[in-house]
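# An overview of the molecular structure
Next come the chains, spelled out residue by residue.
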Amino acid sequence: MFDRLDDILIRYQQVMEELNDPDVVNDQPRFRKLMKEQNDLAPIVEKYTEYKQEKQNVEDSLELLEMESDEEMRELAKEEMAESKKRIGEIEQELKILLIPKDPMDEKNVIVEIRAGAGGDEAALFAAELFRMYSKYAEKQRWKIDMMSVNESGIGGFKEVVFMISGNGVYSRLKFESGVHRVQRVPETESGGRIHTSTVTVAIMPEAEDVDVQLDMNDVRIDVFRASGNGGQCVNTTDSAVRITHIPTGIVISCQDEKSQLKNKDKGLKVLRSRLYDLELEKKKKEEAANRKNQVGTGDRSEKIRTYNFPQGRCTDHRIKLTLHRLDDILNGDLDEIIDSLTAADQAAKLSNMEEEG
């Protein structure tokens, strides 16, 4: 695995030289591409430089032990050598993680779909709470949220809500959120105080660019209709809402959030592209099912991934057997501990797989 490190170091030096070339600076697309490559390689190069320094320290200590007769100096050399050897082991592990191939979609924005599942009104209410949880998390990360479509239930819940989150590394942080989220609590309408179980489905889809999905508009039917529900007089009195049907797959997207029919159409097509892209990704993941331990769970929508238990104030992620007793914080957008744990588990699985293959 470490054979690649010298090649990476050489490539990094080439990139740095090119970035200092005035012709490259004037070619903005090329400059941006090289800057991204430099940012990707820099952590590996820094860690490898540290690794080589510690290796050198061990050699220096061994040399000193051969030459030195003073016992105090020999003890000092032994201590320094032991410390460097320990650090080499730690750096090797850090380098292994840095050398795991990056998911090319990690930097993409995402389109999030939250749908109420089993449980009627209670599921719709929890769908609204999950929307709030992800909105709060996005706010903490300084990401931007753009609403695509909302289908409200009559009691302040959401039958379905679709929105985009834009920012740095959004997909890398949220990609493990896809799946079935289960809530256990006593509904306010329940006089007997019985705990009900409801479900909500979350889909995290990387935003698809035109280069990711070639959408043939001959396969698309677009209907316009009058928006319903909240949205103000202007929205409700013009045919601004748009329904987009993708004939080959039967996917239907409705968008009525904007006053402009054109804006609703653009948003709807953006969701359609991401849905088609996501279908393609799911297909690939199923083909790689034999290597299932490569992923913690980023594709199977029917997989029950998490339970939010209100009576006990706990949240459990079933994929990594993680239980946290601070449900209120989590629902207020404090998701970092869960996301970091899922990322670490995924890295460990990929590392194990690479070592087996290697």
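Our structure's up above, just so we're on the same page.
Structure report, in brief. (Residues numbered from 1 in each chain as written. Predicted model: local features only at pLDDT ≥ 70, side-chain atom pairs only at ≥ 80, totals over all residues. Heavy atoms only, no water.)

Another aspect to go through is a negative patch on the surface. Taken together, the side chains of Glu59, Asp60, Glu63 and Glu66 define an acidic patch exposed on the protein surface. With respect to the helices and strands, Asp60 occurs in helix H3 (residues 28-67). (Patch = residues over 30% accessible without salt bridge, like charges linked within 9 Å, V, L, I, M, F, W, Y side chains within 5 Å. Areas by Shrake-Rupley, 256 points an atom, 1.4 Å probe, with all protein chains shown as cover. Salt bridge = Lys/Arg side-chain N within 4 Å of Asp/Glu carboxyl O. Lys, Arg positive; Asp, Glu negative; His and termini not counted. Charge placed at Lys NZ, Arg CZ, Asp CG, Glu CD. Helix = DSSP H or I, 4+ residues; strand = E, 2+ residues; numbered from the N terminus.)

Attention now goes to the nonpolar core. One finds Ile114, Leu130, Tyr134, Ile165, Leu174, Leu272 and Tyr308 to be the most contacted residues of the largest nonpolar core, which totals 56 residues. If one sorts the elements of this core by residue count, helix H5 (residues 120-140) sits on top with nine residues. When residues no more than four places from it in sequence are discounted, the contact partners of Leu130 are Ile114, His181, Val200, Val202 and Tyr308. (Core = buried A, V, L, I, M, F, W, Y, C linked by side-chain atoms within 4.5 Å. Buried < 20%, exposed > 50% of the residue type's maximum accessible area, 1.4 Å probe, protein only. Contact = heavy atoms within 4.5 Å.)

To continue, consider the pattern of salt bridges. One pass over the structure, following the stated rule, counts 29 salt bridges. The salt bridge partner of Arg221 is Asp223, with a shortest N-O separation of 3.4 Å. When salt bridges with common partners are traced through the structure, they connect Lys47, Glu50, Lys86, Arg87, Glu90 and Glu94 into a single cluster.

The next subject is the sheet that holds strand S3 (residues 158-166). What the eight strands build is an open sheet, ordered S2-S3-S1-S5-S4-S9-S10-S11; its pairing is mixed. Each of the sheet's edge strands pairs with one partner strand only, and the pair in question is strand S2 (144-152) and strand S11 (322-324). Pairs of neighbouring strands in the sheet enclose a mean axial angle of 15°, with direction left out of account. Note that strand S1 (residues 110-116) and strand S5 (residues 196-206) share seven bridges and pair antiparallel. Residue Val112 lies in a different strand from S5, and its bridge partner there is Ile204. (Pairing = 2+ DSSP bridges. Axes fitted to C-alpha atoms, helices over the stretch in contact; angles between N-to-C directions.)

So far we have only geometry, and geometry alone does not tell us how the molecule works.
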